[in-house]
Amino acid sequence: MITDAKIVSAGAQCCLDWGTPETRTTAEYAVTPMDLVLFGHSPARWRLRPGRDPEDGPGRHELLRGTLLAASGAGAKYIPTPETYRTLRPVCPKCGSESSAATCRKCNTPRVNQAVERPWSPQAQNCKLWAEDVREKGLVPVPRALGEANRRMMDRIIGDRHTAKLLADSQKLVLVTGTYEGKDGKNCLPLKALIDIAPDECHELCATLTTVLVVPDASPGSWSNFAVKTGQHIQAALARQLFQAATGEDIKHYLWLLVEAKEPHILGRRRSTPELDKLAEQTCERLLERMLFCRNS
Ligand SMILES: [Zn+2]
């Protein structure tokens, strides 16, 4: 049973922290839908999963959520990397050849250091310094190609009439917290879920929660494989139960809004079915009980 559920914020963050191996097994750690799925795959792997490294930057999901769903203007914190960077390289003053060798053998002339433009490389010292500088300003560096792909995906999503309406009429990035009370009535587990798109008061899509996903292939067959592999229905079951407990709304459907990672970024919409929902709810409860058991043993 879920108790104490409440909506704590909307639009404030676009990705949930997954803690560190040290914090993940403490009584305070709030379990997310993703935690539940990873725990279901392998409890040991879930427990030992390393924490977030700020240098890793945002993944494509996080970036899409941060630009498409976050409060307007929030997307401005993502800074694309420049195309090139400037660095000093030894250049021969006679023939212009570039090499790390101090002397040009062809001209028998010492090379002199000259500023040259190089294609951006995350490993280069100057590029690392740039990224550090951006992060120090509270901004987030984003690889240029990722930023461009994200822009195209957003255009596709916003260009779709139905989706644009759904986005306009909904609350976005709704963070819900709650507590799972175990069947033994003694132990409980803090929970949190970030719901991409949730009903805003009442309109025609009242009873639906939506997740936006970047997928390799949005066609129905590939989607079912992807959904099973990433435990989408289990994640949805936990998010739905938390949202229902927090708002008292009866959520009847779960919708996945898919966008393909590669051009032409084909869109897809998939709905859950009552049968799968029932099954996912049972799996969700089983996993929560197992997690409680592991935490207390
Ligand atoms: Zn030369």
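Whatever comes next refers back to the structure up there.
Residues numbered from 1 in each chain as written. Predicted model: local features only at pLDDT ≥ 70, side-chain atom pairs only at ≥ 80, totals over all residues.

K.L.:
Just checking my understanding: could you explain the pairing of strand β11 (residues 253-260) for this structure?
P.N.:
Along any regular strand, the residues point their side chains to alternate faces of the sheet. Pairing analysis gives eight bridges linking strand β10 (residues 208-215) to β11, with the strands arranged parallel. Paired with T210 across the bridge in β11 is L255. Two strands pair when backbone bridges link them, and β11 and strand β12 (residues 267-271) are joined in this way by five bridges, in the antiparallel orientation. Looking at the pairing, L258 lines up with G268 of β12. (Pairing = 2+ DSSP bridges. Helix = DSSP H or I, 4+ residues; strand = E, 2+ residues; numbered from the N terminus.)

K.L.:
Could you clarify how one ought to interpret the nonpolar core in this entry?
P.N.:
The nonpolar side chains of a soluble globular protein tend to be buried, and buried together. Core analysis: the largest hydrophobic core is formed by 53 residues, its most contacted members being I195, L242 and F243. Those residues in contact with L242 that sit more than four places away from it in its chain are I2, A5, V176, G178, L191 and A193. (Core = buried A, V, L, I, M, F, W, Y, C linked by C-beta atoms within 7 Å. Buried ≥ 20, exposed ≤ 12 C-beta atoms within 10 Å, placed from the backbone. Contact = placed C-beta atoms within 7 Å.)

K.L.:
Looking at this model, I keep getting lost on helix α10 (residues 274-295). Mind explaining?
P.N.:
Every α-helical turn comprises 3.6 residues, leaving residues that sit three or four positions apart pointing alike. With 22 residues, α10 extends 31 Å between its outermost C-alpha atoms, agreeing within 8% with the 32 Å of an ideal straight helix rising 1.5 Å per residue. Lining the buried residues of α10 we find α2 (33-41), β8 (170-181), β9 (188-199) and α9 (232-247). (Expected span 1.5 Å × (residues − 1).)

K.L.:
Where do I start with the environment of C95 in this structure?
P.N.:
Tracing the backbone shows C95 in the loop between β3 (84-91) and β4 (103-104). Looking at C95, the number of C-beta atoms within 10 Å reads 11, which means it is exposed. Sequence spacing of C95 and P220 is 125 residues, and the spatial spacing of their C-alpha atoms is 59 Å.

K.L.:
In this structure, what is going on with the packing of helix α4 (residues 60-69) against helix α6 (residues 144-159)? I would like to understand it.
P.N.:
Axis angle and axis distance: for two packed helices, these are the angle between their axes and the distance between the axes, and together they describe the pair. The interhelical angle for the contact between α4 and α6, taken along N-to-C directions, is 55°, at an axis separation of 10 Å. In terms of their interaxial angle, α4 and α6 are classed as oblique. Here α4 runs over α6; the crossing is right-handed. In this structure, α4 contributes R60, L63, L64, T67 and L68 to the contact, and α6 contributes L146, N150, M153, M154 and I157. In terms of residue class, the contact of α4 with α6 is built from seven nonpolar, two polar and one charged. (Axes fitted to C-alpha atoms, helices over the stretch in contact; angles between N-to-C directions. Parallel < 35°, antiparallel > 145°, perpendicular 65-115°, else oblique. Left-handed = near helix turned anticlockwise from the far one by under 90°. Nonpolar A, V, L, I, M, F, W, Y, C, P; charged D, E, K, R; others polar.)

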